[in-house]
Amino acid sequence: MGKPGFDFKKMMLSSLLVIGIGLVLVILSVILRLLSMVITDPNLVGIIDIVGLAYTILMYPLFLGIYFWTGMRAAKAYGFDAVGAGLVTAFSYFVIACANLALNLILTLVGVAGPLESSGFGTLESSLMASLFEGMTGLKGVGLTALCGAGVIVFGIMINFVVGGFGGLFALRKYSS
């Protein structure tokens, strides 16, 4: 009899905590962007924009550490090998990134519709769209932003599979000695 297949239930269980942490961090980011859209005092908006930008920049190394830890945790606590740890991490990233994209698209639609003004700090997806498809605005711009966001998610899945796999290898090496 062959080896049993990949355990999706264990994958879901091992990724729940990370998905929860990631969603909280994404929601905080969206709240910062929303605050800069609703506050009218220019001095306060500038401060919130700086805090939002710093928060966004700090999220990259923080999420890198979280996804490395996810791979370690998947290997150590749930018995996955390096590939399984990479899959757990990629799945966690996928869920968090889809939620992030959906929330950012909602904020972008609100900005395009006009009831709230954005202070100019955009998302990675909107920046990518603006540099690839110069001059696109309105709903076409939002649609292309979603398309760029899907591309970012696919690229992120591959990157985080590797990060989680290395985390799994690190845990397996550390705990097998």
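Residues numbered from 1 in each chain as written. Predicted model: local features only at pLDDT ≥ 70, side-chain atom pairs only at ≥ 80, totals over all residues. Heavy atoms only, no water.

### Quick look at the overall build of the protein
Then step 1. Across its full length, the protein carries five helices and zero strands.
Then step 2. A buried classification covers 37% of the 177 residues belonging to the protein.
Then step 3. Residue pairs in contact within the protein that sit at least 24 positions apart in sequence constitute 80% of those at least 6 positions apart.
Then step 4. Looking at the protein as shown, the accessible area adds up to about 10200 Å², and 75% of this sits on carbon and sulfur atoms. (Helix = DSSP H or I, 4+ residues; strand = E, 2+ residues; numbered from the N terminus. Buried < 20%, exposed > 50% of the residue type's maximum accessible area, 1.4 Å probe, protein only. Contact = heavy atoms within 4.5 Å. Areas by Shrake-Rupley, 256 points an atom, 1.4 Å probe, with all protein chains shown as cover.)

### Some details on helix α2 (residues 42-78)
Then step 1. Counted at 1.5 Å a residue, the expected span for α2 with its 37 residues is 54 Å, and the 50 Å between its end C-alpha atoms agrees.
Then step 2. Of all the bends in α2, the greatest, near 30 degrees, is centred on M59, and the proline P61 appears no more than four residues after it.
Then step 3. Phi turns positive, to about 75 degrees, at G79, one or two residues after α2. (Expected span 1.5 Å × (residues − 1). Bend = angle between axes of the 7 residues up to and from the residue.)

### A look at the environment of G86
Then step 1. Mapped onto the secondary structure, G86 falls in helix α3 (residues 82-113).
Then step 2. Ignoring any residue separated from it by four or fewer positions in sequence, one finds G86 in contact with N160, F161, G164 and G165.

### Structural notes on a nonpolar patch on the surface
Then step 1. Taken together, F6, F8, V83, L87, F161, V162, F166 and L169 make up a surface patch of nonpolar side chains, about 720 Å² in accessible area.
Then step 2. Looking at the nonpolar patch, the elements with two or more residues in it are α3 and α5 (138-176).
Then step 3. The element best represented in the nonpolar patch is α5, accounting for four residues.
Then step 4. For V83, the location among the structural elements is in helix α3. (Patch = residues over 30% accessible without salt bridge, like charges linked within 9 Å, V, L, I, M, F, W, Y side chains within 5 Å. Salt bridge = Lys/Arg side-chain N within 4 Å of Asp/Glu carboxyl O.)

### Focus: the packing of aromatic side chains
Then step 1. Evaluation of the coordinates by the stated rule reveals three aromatic pairs.
Then step 2. Centre to centre, the rings of F68 and F170 are 5.8 Å apart; their planes meet at 50 degrees, and the pair counts as tilted. Of this pair, F68 sits in helix α2 while F170 sits in helix α5, placing them 102 residues apart in sequence.
Then step 3. The class for F68 is partly exposed, based on a relative accessible area of 28%. (Phe/Tyr/Trp six-rings, centres within 6.5 Å; stacked < 30°, edge-to-face > 60°.)

### Observations regarding the nonpolar core
One recurring pattern in soluble globular proteins is that nonpolar side chains are buried together.
Then step 1. Ranked by internal contacts, the top residues of the largest apolar core, which has 18 residues, are L25, F63, Y67 and Y93.
Then step 2. Those elements that place two or more of their residues in this core are α1 (8-38), α2, α3 and α5.
Then step 3. Excluding residues that lie within four positions of it along the chain, Y67 makes contacts with V18, T89, S92, Y93, I96, N160, V163 and G164.
Then step 4. If you look at the next biggest cluster of nonpolar residues, it comprises five residues, including M11, A74, F80 and V88. (Core = buried A, V, L, I, M, F, W, Y, C linked by side-chain atoms within 4.5 Å.)

### Looking at the packing of α1 against α2
Then step 1. Between α1 and α2, the shortest axis-to-axis distance is 9 Å and the interhelical angle comes to 180 degrees. With respect to α2, the element α1 is oriented roughly antiparallel.
Then step 2. Class assignment for the residues of the contact of α1 with α2 results in 19 nonpolar, six polar and three charged. (Axes fitted to C-alpha atoms, helices over the stretch in contact; angles between N-to-C directions. Parallel < 35°, antiparallel > 145°, perpendicular 65-115°, else oblique. Nonpolar A, V, L, I, M, F, W, Y, C, P; charged D, E, K, R; others polar.)

### Observations regarding the confidence of the model for the protein
Then step 1. This prediction gives the protein a mean pLDDT of 84; 79% of its residues lie at or above 70.
Then step 2. When the elements of the protein are averaged for pLDDT, helix α4 (residues 124-132) gives the smallest value, 63, and α2 the largest, 92. (pLDDT = per-residue confidence, 0-100.)

### So, the environment of L16
Then step 1. Relative to the helices and strands, L16 resides in helix α1.
Then step 2. Take L16: its relative accessible area is 51%, and that puts it in the exposed class.
Then step 3. Spatially, the C-alpha atoms of L16 and S92 are 7.8 Å apart, while their sequence positions differ by 76 residues.

### What about the side chain of R33?
Then step 1. Turning to its location among the elements, R33 is positioned in helix α1.
Then step 2. With relative accessibility at 11%, the residue R33 sits in the buried group.
Then step 3. Among the polar contacts listed, one links the side chain of R33 to the side chain of N104, at a separation of 2.9 Å. (Polar contact = N/O pair within 3.5 Å; in protein donor to acceptor, adjacent residues only side chain to side chain.)

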